[in-house]
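Listed below, chain by chain, are the residues.
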Amino acid sequence: MRFTPASILLAGAFALSASSGIGKQTVATPAAPSARAAQWILKGQEALATEHVSAARDAYETALLLAPQDPGIYLALGKIARIQKMPGKAIRYYNRVLELDPNNQTALQGEGLAMMDKGATESARETLAKLRAVCKTNCASAEPLVAAIAAGAPKVAAAEAPALPKKVEQQ
């Protein structure tokens, strides 16, 4: 019975010290990609420079398997998806970068431009507001997005319906 108050205090101290680190949130700095991933990234850069977009995509996707936490790979894949006219896929890649680094200006710019490619002007304006909040002063990375919003959503040509044959009345 003499040790009950001491054991209660000791248990309380352990509980407090164990739970003190739970609420802390740390932003992990991405480690440099492995040598194999770096080789694939280099192959992707070379392919993109020579406008071999499919080969670049394949190389970056392979690098992504080797370094899934590298935001640079997601940025490159987002750029490639925009080149290939796949804005939804580009937005997903840019969102992944923003999960890793919420203040990445390149990802915010790319996401906004992909939204404009898709025709989502209001979403692009919201992304522009986030981008301006991140850069605060003289935001050069916002200029292409401002220009894209000013130009408006791309016009999608509707396919013309084929003319229906006239009904022939039987007598």
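For the structure itself, consult the block above.
Residues numbered from 1 in each chain as written. Predicted model: local features only at pLDDT ≥ 70, side-chain atom pairs only at ≥ 80, totals over all residues. Heavy atoms only, no water.

A. Layout of the packing of helix 6 (residues 105-118) against helix 8 (residues 143-151). Running from N to C, helix 6 and helix 8 point in directions that differ by 15°, and their axes come no closer than 9 Å. By the angle class used here, helix 6 and helix 8 are roughly parallel. Our pair here, helix 6 against helix 8, has a crossing hand that is left-handed. Where helix 6 approaches helix 8, its residues Gln109, Gly112, Leu113 and Met116 are matched on the opposing element by Pro144, Leu145, Ala148 and Ile149. Split by residue class, the contact of helix 6 with helix 8 holds six nonpolar, two polar and no charged. (Axes fitted to C-alpha atoms, helices over the stretch in contact; angles between N-to-C directions. Helix = DSSP H or I, 4+ residues; strand = E, 2+ residues; numbered from the N terminus. Parallel < 35°, antiparallel > 145°, perpendicular 65-115°, else oblique. Left-handed = near helix turned anticlockwise from the far one by under 90°. Contact = heavy atoms within 4.5 Å. Nonpolar A, V, L, I, M, F, W, Y, C, P; charged D, E, K, R; others polar.)

B. Expanded view of the side chain of Thr127. Within the secondary structure, Thr127 sits in helix 7 (residues 121-135). Thr127 sits in the buried class, given a relative accessible area of 2%. The residues touching Thr127, leaving out its near neighbours within four places in the chain, are Leu108, Glu111, Gly112, Met115 and Leu145. (Buried < 20%, exposed > 50% of the residue type's maximum accessible area, 1.4 Å probe, protein only.)

C. Inspection of the side chain of Asp70 at higher detail. Looking at the element boundaries, Asp70 is found in the loop between helix 3 (53-66) and helix 4 (71-83). Lacking a salt bridge, the buried Asp70 has Arg96 as its closest oppositely charged neighbour, with an N-O distance of 11 Å. Of note is the side chain of Asp70, whose polar atom sits 3.0 Å from the backbone nitrogen of Gly72. (Lys, Arg positive; Asp, Glu negative; His and termini not counted. Salt bridge = Lys/Arg side-chain N within 4 Å of Asp/Glu carboxyl O. Polar contact = N/O pair within 3.5 Å; in protein donor to acceptor, adjacent residues only side chain to side chain.)

D. Representation of unusual backbone geometry within the structure. At Glu51, a residue that is not glycine, the phi angle is positive and equals roughly 65°. Assignment of secondary structure puts Glu51 in the loop between helix 2 (35-49) and helix 3.

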